[in-house]
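Chain by chain, the residues:
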Amino acid sequence: MTKVLMVCLGNICRSPLAEGILRSKVDSHLVDVDSAGTAGYHIGNSPDPRSVAVARKYGIDISTQICRKFVPEDFSRYDRIYAMDLNNYKDIIVQTNDSNHQKKVKLLLDTVSVGINEVPDPYYGGTNGFEKVFHLISQACDTIAQNLKQ
Ligand code: 4NP
């Protein structure tokens, strides 16, 4: 079993989408996918309704996910940790001095060539932002899913 953790700031917009999208592309017997936020603003909440809606549009149900905060124990619990943007990456990395743990952390979009390396934060924008974010994450998850099969 390979364990993958998707991380953003709030764990209500981008990382719940990343969790749902990657889960839809892998065998659940072989890959475990979870998500978390570096901030604790929304702990216990459901994903943002705009993320739920765009996921549903593409046949993925993320409505039952519950927001949680990233904790240092996640470094040993997960094999791969994908950060949505550079701030998330830095906020994760500073929580350990163990270089083996730090090596598990990557920027999600570093897995693909889409011209940018950060998933933009769609929280303060309109639904268009969520659509764009869905497709960026989906492209990265295609590559990750392929890579996990090898
Ligand atoms: P996320 O988006 O990091 O993709 O979940 C955000 C959600 C909430 C906030 C910021 C970004 N917030 O400031 O509450």
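Everything here concerns the structure above.
Residues numbered from 1 in each chain as written. Predicted model: local features only at pLDDT ≥ 70, side-chain atom pairs only at ≥ 80, totals over all residues. Heavy atoms only, no water.

### Brief notes about the pairing of strand S3 (residues 80–83)
Point 1. Both strand S1 (residues 2–8) and S3 contribute to a ladder of four bridges, which runs parallel. When the sheet's bridge partners are listed, valine 7 is paired in S3 with alanine 83.
Point 2. Here three bridges tie S3 to strand S4 (residues 105–107), and the two strands are oriented parallel to one another. Bridged to isoleucine 81 within S4 is valine 105. (Pairing = 2+ DSSP bridges. Helix = DSSP H or I, 4+ residues; strand = E, 2+ residues; numbered from the N terminus.)

### Some remarks on the layout of surface pockets
Point 1. Approximately 170 Å³ is the volume attributed to the largest pocket.
Point 2. Together, Cys8, Leu9, Gly10, Asn11, Ile12, Cys13, Arg14, Tyr41, His42, Asp121, Tyr123 and Tyr124 line the largest pocket.
Point 3. A class-by-class count of the residues in the lining of the largest pocket yields seven nonpolar, three polar and two charged. (1 Å grid on protein atoms, 1.4 Å probe; cavity = no way out; pocket = protein on both sides within 12 Å on 5 of 7 lines; lining within 4 Å. Points joined across faces, edges and corners; volume = space filled by probe spheres on them. Nonpolar A, V, L, I, M, F, W, Y, C, P; charged D, E, K, R; others polar.)

### With respect to the sheet that holds S1
Point 1. One open sheet holds the four strands; their spatial order is S2-S1-S3-S4, and the pairing between them is parallel. Of all strands in the sheet, those bounded by a partner on one side alone are strand S2 (31–37) and S4. Ignoring strand direction, the axes of neighbouring strands in this sheet form an average angle of 25°.
Point 2. Along the sheet, helix H1 (residues 14–25) contacts S1 and S2; its crossing angle with S1, the most-contacted strand, is approximately 150°.
Point 3. Packed onto the sheet, helix H6 (residues 127–149) meets S1, S2 and S3 and runs at close to 170° relative to S3. (Axes fitted to C-alpha atoms, helices over the stretch in contact; angles between N-to-C directions. Contact = heavy atoms within 4.5 Å.)

### Considerations on the packing of H1 against H6
For any two helices packed against each other, one specifies the inter-axial angle together with the distance between the axes.
Point 1. Taken N-terminus to C-terminus, the directions of H1 and H6 make an angle of 40°; their axes are 9 Å apart at the nearest point. Classed by the angle they form, the pair H1 and H6 counts as oblique. Crossing angle aside, the handedness with which H1 passes H6 is right-handed. Residue-level inspection shows Arg14, Leu17, Ala18, Ile21, Leu22 and Lys25 of H1 in contact with H6, the latter providing Val133, Phe134, Ile137, Ser138, Cys141, Asp142, Ile144 and Ala145.
Point 2. Split by residue class, the contact of H1 with H6 holds ten nonpolar, one polar and three charged. (Parallel < 35°, antiparallel > 145°, perpendicular 65-115°, else oblique. Left-handed = near helix turned anticlockwise from the far one by under 90°.)

Read these as spatial facts, not as claims about activity.
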